[in-house]
Amino acid sequence: MAGGGAAPPPKQEELQPHPVKDQLPSVSYCITSPPPWPEAVILGFQHYIVMLGTSVLIPSALVPQMGGGNEEKARVIQTLLFVAGINTLCQSFFGTRLPAVMGGSYTVVAPTISIILAGRYSNETDPHEKFLRTMRGTQGALIIASTIQIILGFSGLWRNVVRFLSPLSAVPLISLAGFGLYELGFPGVAKCVEIGLPEIILMLIFSQYLPHAIHVAKPVFDRFSVIFTIAIVWLYAYILTASGAYKNTRTKTQVHCRVDRSGLIGGAPWINVPYPFQWGAPTFDAGESFAMMMAAFVALVESTGTFIAVSRYASATMIPPSVLGRGIGWQGIGTLLGAFFGTANGTGVSVENAGLLALTHVGSRRVVQISAGFMIFFSILGKFGAIFASIPLPIFAALYCIFFAYIGACGLSFLQFCNLNSFRTKFIIGFSVFMGLSVPQYFNEYTSVAGYGPVHTGARWFNDMINVPFSSKPFVAVLVAFLLDNTIQRHDHGVRRDRGYHWWDKFRSFKTDSRSEEFYSLPFNLNKFFPSV
């Protein structure tokens, strides 16, 4: 061979793997270090805009089926935002203390639809009266369902379960909490591709390319890409609407593409303060309550994964099980508040807002508390809030493509704690992720064809108790991974290291790592009265 002689051996440092990190580096502002006030306010407003998508999407799907019109839909959205603001403040002050936005939960939608379709409401001819009766039935079921989250969280039961969670079994849970929401991503973009696709492209340019091309303005493009791109694409959508581009298109296209078809601005009052039992006294049905309790349990499991992702993107240490239990308890109180006020929905950690922490590299608690202030403010000033809530949903779907991907990637990042050369690790990860995708796909396909789930007995509540959890991708994945990880060769010392269990040992108790005090201790010296273990 020309030149003779072998190639020089590679340098030693080139062979070193990347070091494992307890905390995520390169975060600009971590959980306890807030940005300057002007920047924090804009970032808080950005979080408010991002969480509007779910807050509008869920009531827009449910309220018309309940018999409500635009006025009821606008009021339910306002109520959902108002309660979300209160819950976010409670969670950041007294719950996990993480910068987690508490919003609506998609898991609760299925049992709510089941209540809407219940025989006792089908004979009601007046749409408004049907809406009120259905809402009261949903409120009653959610009041009962909230108790499972409150009891599991505050009693310490969930804390004891989470202690057996290793990095290996956390991977499928967190990954599918993000990747499992793929149905809300590009399929939503495609409902109005001329608006959704430009939003994805602009987000990629503003957040990933421009910061490296224009170094002077790097933090601006990095952190505020959501506001820039939504403003540009929303204006573009307005121009398309005003120019008559959708004049002769199908009704569905007009609903998704036009900026004046949501009905929210016309239906929203100028000022409205939501209050408990505004729709009347709740009604209770044992079967519906059981079904909703199972949905609340699934929401609890999904939120556990998102809480862990938030702790990572806030550059905090792994959340101690006792703090996680405290957060789940406050999530239950949030579900109870939502039931009192009448949101027709439960409470869960907003996955999209957790993804926004990653995009901006800002995991500050104060920013999320400011966003809660925006939620409450704009929910009371109905018309102003409705203007932002009328942003076409394909724009939000485009954002989800990025935010949900970040959460899925966060789950995969916990593989750094595991031995990826172990066949045991490969089997548990592969099988749990595959079943987490495959089982819900079967349940969802069956439902879309038959109109009901695979479990179809005379008791609708029993059907929901089985069909709802097995339609949740993160729930199925973590159920499989948790059982396998805690039963296959569990007592083998080498396996303990393979599954990464030893990496989280110091975080299983609140007091064994000094950083827990900094990130998770309660304010106002409340740790004296409510000690974490």
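Residue numbering note: each chain is counted from 1, following its sequence as written. Only residues with pLDDT of at least 70 are given local features in this predicted model, and only at 80 or more are side-chain atom pairs given and counted; all residues enter the totals for whole chains, interfaces and linings. Neither water nor hydrogens contribute to the side-chain values; these are computed over all heavy atoms in the structure.

- Per an unreviewed UniProt entry, the protein chain carries the name Nucleobase-ascorbate transporter 6 and comes from Paspalum notatum var. saurae.
- UniProt positions are given in the numbering used here, feature names are shortened, and annotations may be inferred rather than shown by experiment. Its UniProt record, at the heading Sequence similarities (unreviewed entry), says of the protein chain: "Belongs to the nucleobase:cation symporter-2 (NCS2) (TC 2.A.40) family."
- Annotation of the protein chain in UniProt includes, under Subcellular location (unreviewed entry), the sentence "Membrane".

## Re the overall build of the protein chain
Working step 1: Tallying secondary structure elements over the protein chain gives 23 helices and two strands in all.
Working step 2: Counting the 533 residues in the protein chain, one finds 56% classified as buried.
Working step 3: Of the contacts formed within the protein chain by residues at least 6 apart in sequence, a portion of 84% connects residues at least 24 apart.
Working step 4: When the accessible area of the protein chain is evaluated, it comes to approximately 21,900 Å², of which 67% is carbon and sulfur surface.
Working step 5: Within this scheme the basic residues Lys and Arg register as positive and the acidic residues Asp and Glu register as negative, but His and the chain ends are omitted. Taken as the charge centre is NZ of Lys, CZ of Arg, CG of Asp or CD of Glu, depending on the residue. Averaging the locations of the 37 positively and 27 negatively charged side chains of the protein chain gives two centres separated by 3 Å. Strands here are runs of E lasting at least two residues and helices are runs of H or I lasting at least four, both read from the DSSP assignment and numbered beginning at the N terminus. Working definition: with a 1.4 Å probe on protein chains only, accessible area under 20% of the residue-type maximum means buried, over 50% means exposed, and in between means partly exposed. Should any heavy atoms of two residues lie within 4.5 Å, those residues are counted as being in contact. What sets the accessible areas is the Shrake-Rupley method with a 1.4 Å probe; for residues, cover comes only from the shown protein chains.

## Concerning the layout of surface pockets
Working step 1: Using a 1 Å grid laid over the protein atoms alone, points where a 1.4 Å probe fits but cannot get out form a cavity; open sets with protein on both sides within 12 Å along at least 5 of 7 lines form a pocket; any residue with an atom within 4 Å of a point counts as lining. Grid points are joined across faces, edges and corners, and a volume is the space filled by probe spheres set on the points. Of the pockets and cavities examined, the second largest pocket occupies roughly 300 Å³.
Working step 2: When contributions to the lining of the second largest pocket are tallied by element, the ones reaching two or more residues are α5 (127-155) and α14 (321-341).
Working step 3: Ranked by the residues each element gives to the lining of the second largest pocket, the list is headed by α14, at four residues.
Working step 4: Under the scheme applied, nonpolar residues are Ala, Val, Leu, Ile, Met, Phe, Trp, Tyr, Cys and Pro; charged residues are Asp, Glu, Lys and Arg; polar residues are all the others, including Gly. Residue composition of the lining of the second largest pocket, by class: eight nonpolar, five polar and two charged.

## Regarding the packing of aromatic side chains
Remark: the centre distance and the inter-plane angle together describe each pair of aromatic rings, the angle taken between the planes.
Working step 1: When the centres of two rings from Phe, Tyr and Trp lie within 6.5 Å, Trp using its six-membered ring, the rings pair. Their planes under 30 degrees apart give stacked, over 60 give edge-to-face, and anything left gives tilted. Tallied over the entire structure, the rule returns 36 aromatic pairs.
Working step 2: Through a chain of ring-to-ring contacts, three or more aromatic side chains come together here, namely F45, Y48, F374, F377, F378 and F388.
Working step 3: The rule for a charge over a ring is simple: NZ of Lys or CZ of Arg within 6 Å of the ring centre, and within 35 degrees of the ring normal. The ring centre of W270 lies 5.9 Å from the NZ or CZ of K383, which sits over that ring.
Working step 4: The ring of Y501 carries R508 above its face, with NZ or CZ at 3.7 Å from the centroid.

## Details of the nonpolar core
Working step 1: In this structure, Y48 and V226 are the most contacted members of the largest nonpolar core, which totals 105 residues.
Working step 2: Setting aside its immediate chain neighbours within four residues, V226 contacts Q46, V50, M203, L356, L359, L399 and F403. By convention a nonpolar core is built from buried Ala, Val, Leu, Ile, Met, Phe, Trp, Tyr and Cys residues, the set being connected through side-chain atoms within 4.5 Å.

## Considering the pattern of salt bridges
When charged atoms on two side chains of opposite charge get close, those side chains can pair.
Working step 1: Salt bridges are identified by distance alone: a Lys or Arg side-chain nitrogen within 4 Å of an Asp or Glu carboxyl oxygen. In the structure shown here, the tally under the stated rule is eleven salt bridges.
Working step 2: Here R120 and E288 are joined by a salt bridge, their closest N and O atoms 2.6 Å apart. Of this pair, R120 sits in helix α4 (residues 119-122) while E288 sits in helix α13 (residues 286-313), and the two are 168 residues apart along the sequence.
Working step 3: For E288, a relative accessible area of 13% translates into the label buried.
Working step 4: The salt bridge involving D485 is made with R499; its shortest N-O contact spans 2.9 Å. Of this pair, D485 sits in helix α21 (residues 473-485) while R499 sits in the loop between α22 (493-498) and α23 (515-520), placing them 14 residues apart in sequence.
Working step 5: Classification of D485 as buried rests on a relative accessible area of 0%.

## Quick look at the environment of H491
Working step 1: If you trace the backbone, H491 turns up in the loop between α21 and α22.
Working step 2: Linking H491 and Y275, residues 216 residues apart in sequence, is a C-alpha distance of 54 Å.

## A look at the environment of P531
Working step 1: With respect to the helices and strands, the residue P531 is situated in the segment after α23.
Working step 2: Take P531: its relative accessible area is 55%, and that puts it in the exposed class.
Working step 3: The spatial distance from the C-alpha of P531 to the C-alpha of S155 is 13 Å, given a sequence separation of 376 residues.

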